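One letter stands for each residue in the lines below.
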Amino acid sequence: MWDSLQILAAAPIFNVQLWLNGLSVGAVFALVAYGLALVWGVTGVKNLAQGDLVMLGGYLGLEAARHGVHPIVAIVPVAALMFLLGWALYVLMIRRVIQLDLFTSLLATFGLAITLQQALNLAFGPDVRTLKSGFGRLELFDGTIDITWIRVIAFGLCIVVAGAMVLFLRKSRLGQAIRATAQDPRAARVLGVDTDLVYALTFAINAAVCGAAGVIVGMIWVLQPFYGIAYSVRAFVIVTAAGLGNLPAVILAALGLGVAEQYSGFVLGAQFQQATVVGLLLVILVWRQALLRRQRLALQ
Amino acid sequence: MRPAHFRMAALAAALSLAAPAASLAAENTIVLGSAISITGKYSQEGKNARDGYDFAVKKINDMGGVKVGGKSYKLEIKYYDDESTPARTAQLLERLINQDGVKFVLGPYGSGPTKAAAPVTEKYKIPMVEAEGASRSLFTQGYRYLFAALSTSEQYLAPVVDLAAELAKKDGKKPGSLKIGMAFENDPFSLDVRDGVVAAAKKYGMKIAVDDKMPRDLSDISATLTKIKALKPDVILFSGHTKGATTAARQMKEMGVSAPIVALTHCESAKLTEQFGAEAEGILCPTQWAETLKYQDRLFGTAMDYNKAMQAAHPEYKQVPYQVAQASAAIEIWADAFTRAKKLDPQVLRDVLAKTDLDTFYGHIKFDKSGKNIGKPMVLRQIQNAKYVVVAPTKYAAEPVVYPRKPPQD
């Protein structure tokens, strides 16, 4: 541990590398967490199959690549397809559990996760696969620091998608309907909002965002039918830490988490990377609890 | 009646009829027993092992069988299907030993079933030669009746350290001046592999500069690689099954991380040459056996002869898996022991097996006290022009090692 800290002290340039990698990792987490927060906030369903939707998107990207479509281009049709799939999933399944208690929807989405994993395993086999972007890397500071172009592009894409989402929710009629439903579904219904449509739309948008994230994951990391869980876990950590209904906070939390993981991996070793994620969540929850307590006391 | 029941019933009937004949046949037949995966998740691997066993038995019988104390015996194997579940392996071994009177046992497929089998053979003091269980934990229990033809997991990457030392000396550098950067998955197999590396590094006084353990569901090792990049080690080692190999190969290329020596386990199953092409060039990968090795024996000839004969008998093997070869070697070990024992007594055979010192097409066989084979090294293959070429240990090399590894270009 001290050795690693000494490296950072002696060659501060490596901090830049950690930040660059961390931000690009965090950007992908942000997309996945963003979708989760949306669905969670609007429908109240905590989607345990989030990471598996990501993997599904990645595999659709692989299929597109097999037909000669560049993965970056494939993001658009994959997202469109995932949108339809998300809609279908809503109609077939989510709609039926939305009004039920927490455990029913948790069990249902857990079942969906298992089904997706096994379906991918049957369709594509258990091999670890990768998508090729074919882009090189960007060298900075005489090659001491570098980052692949695909990570830069991924970062940009995540920001664009997130920005588009924020604009859509703030400015468009449908976005307003979504926000209204999130605030109070009954009131929204009374005022003429088709909440069923809003729910379907939310879940479909989430699936599309996950699909896009999946293609990016395939280009940066690896795809395997059972590797979705890592993304589910991080999305939950991020959303829990950032709180619902605060999308900019979700993005910040995701980026922060990415950087924190890089630092803990560098300083403490890869074995502590995930422990850091969960440890951070714990600290944030305790801290929040303390804040709430103080507020309560002040009110009393 | 369901087919399975029917088969069982038919089997029972056949056994009761065959019983007198079997005891007659026992006059000049040695029966080896094995509970091995015919169905279940290891069915493919179990078939590999059985193909290896049967191939060697046929070859030995065709050449007149084994001579024990001046008398010739044919070999025969009695199989039961353990359905790839360790509990079943143990049950069926009890049956083989108690009901079928088997005195000599061949191992099942996989470390799990082998772990379940060993206590049974130990209990009845029946020697077992196994060829398909590599976990080191098999050999730390003090078993006296367990013998393994293959190299155990701690030997997977240790030869890389030896190779690095050898190459450093050639360059006029001290092996002790070398630095190692490595990361291993946090699971029993990879940690076994790590133990072997740590011991080897200690032997040469090498410094382990980066020593990370990767959680199973970690798909990003860029933090570890940044450390490696900062410390510029001479040797980079990764072991994390297929995912670890894929992630390491991809991210090393992306981050421009390389070293004069880079080695990974599971290159073949990660399909590195197919997925990464030029980016995988120069990576070293350990294997138990390769057909290009210069091992040989009287029964099969050279490793290449074995490979050809096996492919002629089983055209489905485009590349003969090492699991097949080591199963054949297990039969050779038994045959050699029978010949030297001069008596078909399990206790005598245990002691004779323990003294095995045998050259085979699969490599040299010599057991240490715990029963694992220390006679053959793991060999290293290097990816050269998208092919796996044996490069170390030097005396087995088909081609010289490409050293230092040229980092892949964009």
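None of these values were measured; they are calculated from a predicted model.

1. A look at the overall build of chain A
- Each helix and strand in chain A was counted, giving 12 helices and two strands.
- Counting from the amino terminus, helix and strand elements in chain A follow one another as α-α-α-α-α-β-β-α-α-α-α-α-α-α.
- Evaluated residue by residue, chain A yields a buried proportion of 48% over its 300 residues.
- For chain A, restricting intrachain contacts to residue pairs at least 6 apart in sequence, the fraction spanning at least 24 positions comes to 76%.

2. Things to note about the overall build of chain B
- Per the secondary structure count, chain B includes 12 helices and 17 strands.
- Against the globule reference of 22 Å for 410 residues, chain B gives a C-alpha radius of gyration of 23 Å, in line with a compact fold.
- With respect to the three principal axes, the spread of C-alpha positions in chain B is 75 × 50 × 40 Å.
- With 410 residues in all, chain B has 52% of them scored as buried.
- Nonlocal contacts in chain B, meaning residues at least 24 apart in sequence, comprise 67% of its contacts between residues at least 6 apart.

3. As for the interface of chain B and chain A
- Counting residues at the interface gives 28 residues for chain B, matched by 28 residues for chain A.
- Contributions of two or more residues to the side of chain B that touches chain A are made by β8 (207-214), α7 (222-231) and α8 (241-254) of chain B.
- Per-class residue counts for the side of chain B that touches chain A are nine nonpolar, 10 polar and nine charged.

4. Section: the nonpolar core
- Among the nonpolar cores identified, the biggest contains 226 residues, and Ala30(A), Ala33(A), Ile238(A) and Val250(A) are the most heavily contacted of them.
- Those residues in contact with Ala33(A), other than ones at most four positions away along the chain, are Ala235(A), Ile238(A), Val239(A), Val250(A) and Ala254(A).

5. A closer look at the sheet that holds strand β4 (residues 104-106) of chain B
All names here are of chain B.
- Taken in spatial order, the six strands line up as β2-β3-β1-β4-β5-β6 in an open sheet, and their pairing is mixed. Taken across any chain shown, the strands that pair with only one partner, and hence form the sheet edges, are β2 (66-68) and β6 (146-148). Within the sheet, the average angular offset between the axes of one strand and its neighbour, ignoring direction, is 35°.
- Two elements, β2 and strand β3 (residues 71-81), share three bridges in a ladder whose sense is antiparallel. Each residue of the ladder has a partner; that of Lys67, found in β3, is Ser72.
- Along the sheet, helix α4 (residues 111-123) makes contact with β4, β5 (128-130) and β6, crossing β5 at roughly 165°.
- Here helix α11 (residues 322-341) sits on the sheet in contact with β1 (29-36), β2, β4 and β5, set at roughly 30° to β2.

6. Observations regarding helix α9 (residues 195-220) of chain A
- Look at α9(A): 37 Å from first C-alpha to last across 26 residues, which is about the 38 Å you get at 1.5 Å a residue.
- Burial analysis of α9(A) places 23 of its 26 residues in the buried class, the great majority of the element.

7. Brief notes about the pairing of strand β10 (residues 261-264) of chain B
All names here are of chain B.
- Burial along β10 is two-sided: Ile261 and Ala263 and Val262 and Leu264, pointing in opposite directions, are all buried.
- Pairing geometry for strand β9 (residues 235-239) and β10, over four bridges, is parallel. What sits directly across from Leu237, in β10, is Ala263.
- Taking the sense of rotation as the criterion, the β-α-β connection linking β9, α8 and β10 turns out right-handed.

8. Overview of unusual backbone geometry
Residues and elements named next belong to chain B.
- The step from Ala392 to Pro393 runs through a cis peptide bond, and the omega angle for that step is -5°.
- Mapped onto the secondary structure, Pro393 falls in the segment after β17 (387-392).
- A positive phi angle is found at His266, which is not glycine, with a value near 65°.
- Mapped onto the fold, His266 is located in the loop between β10 and α9 (272-276).
- Here His266 falls in the buried class, since 24 other C-beta atoms lie within 10 Å of it.
- Even without being a glycine, Ala386 presents a positive backbone phi close to 65°.
- Relative to the helices and strands, Ala386 is located in the loop between β16 (379-384) and β17.
- Here Ala386 falls in the partly exposed class, since 13 other C-beta atoms lie within 10 Å of it.

9. Some details on the packing of helix α2 (residues 13-43) of chain A against helix α6 (residues 149-171) of chain A
Residues and elements named next belong to chain A.
- Interhelical geometry of α2 versus α6 gives an angle of 35° and a closest axis separation of 9 Å. You can see that α2 and α6 cross each other, and the crossing is left-handed. Of the residues in α6, those in contact with Leu23, Ser24, Ala27, Val28, Ala30, Leu31 and Tyr34 of α2 are Arg151, Ala154, Phe155, Cys158, Val161, Ala162 and Met165.
- Considering only residue class, the contact of α2 with α6 consists of 12 nonpolar, one polar and one charged.

10. Here's the deal with the environment of Leu272(B)
- Positionally, Leu272(B) belongs in helix α9.
- What Leu272(B) contacts, discounting residues up to four positions off in sequence, is Ala245(B), Ala249(B), Cys267(B), Ala280(B), Ile283(B) and Ile383(B).

11. Observations concerning the domain arrangement of chain B
Residue and element names in this part refer to chain B.
- Parsing chain B into structural domains produces domain 1 (18-151 + 292-366) and domain 2 (155-287 + 378-396).
- Relative placement of domain 1 and domain 2: their C-alpha centres are 33 Å apart.
- A class-by-class count of the residues in the side of domain 1 that touches domain 2 yields two nonpolar, four polar and two charged.

12. A few points about helix α3 (residues 86-98) of chain B
Residue and element names in this part refer to chain B.
- Taking 1.5 Å as the rise per residue, α3 with 13 residues should run 18 Å; its terminal C-alpha atoms sit 18 Å apart, in good agreement.
- Every buried residue of α3 is accounted for by Thr89, Ala90, Leu92, Leu93, Leu96 and Ile97.
- On its buried face, α3 sits against β1, β3, β4 and α4.

13. Quick word on the environment of Gln288(B)
All names here are of chain B.
- Mapped onto the elements, Gln288 comes out in the loop between β11 (284-287) and β12 (296-297).
- Measuring from C-alpha to C-alpha, the distance between Gln288 and Leu150 comes to 7.0 Å, with 138 residues separating the pair along the chain.
- Contacts of Gln288, omitting those with residues within four sequence positions, involve Leu150, Ser151, Tyr322, Gln326 and Met378.

14. As for the pairing of β8(B)
Residue and element names in this part refer to chain B.
- Relative to β8, strand β7 (residues 179-185) is paired through seven bridges, and the arrangement is parallel. Its bridge partner being in β8, Ala183 is matched across the sheet by Asp212.
- Viewed along the sheet, the connection from β7 through helix α6 (residues 188-204) into β8 turns out right-handed.

15. Description of the environment of Ala330(B)
All names here are of chain B.
- Mapped onto the elements, Ala330 comes out in helix α11.
- For Ala330, a count of 29 C-beta atoms within 10 Å gives the class buried.
- Residues within four places of Ala330 in sequence aside, it is in contact with Tyr53, Leu106, Gly107, Val129, Glu130, Ala131 and Ala149.

16. Some points on the packing of helix α4 (residues 71-97) of chain A against α9(A)
Residues and elements named next belong to chain A.
- Running from N to C, α4 and α9 point in directions that differ by 140°, and their axes come no closer than 6 Å. With respect to α9, the element α4 is oriented oblique. Considering the relative orientation of α4 and α9, their crossing is right-handed.
- Grouping the constituent residues of the contact of α4 with α9 by class yields 23 nonpolar, four polar and one charged.

Parameters and conventions
Residues numbered from 1 in each chain as written. Chains lettered and ligands numbered in written order. Predicted model: local features only at pLDDT ≥ 70, side-chain atom pairs only at ≥ 80, totals over all residues. Helix = DSSP H or I, 4+ residues; strand = E, 2+ residues; numbered from the N terminus. Buried ≥ 20, exposed ≤ 12 C-beta atoms within 10 Å, placed from the backbone. Contact = placed C-beta atoms within 7 Å. Rg over C-alpha atoms; globule rule 2.2 N^0.38 Å. Nonpolar A, V, L, I, M, F, W, Y, C, P; charged D, E, K, R; others polar. Core = buried A, V, L, I, M, F, W, Y, C linked by C-beta atoms within 7 Å. Pairing = 2+ DSSP bridges. Axes fitted to C-alpha atoms, helices over the stretch in contact; angles between N-to-C directions. Expected span 1.5 Å × (residues − 1). Right-handed = clockwise from strand over helix to strand, strands pointing away. Left-handed = near helix turned anticlockwise from the far one by under 90°. Domains from an automatic or database assignment. Parallel < 35°, antiparallel > 145°, perpendicular 65-115°, else oblique.

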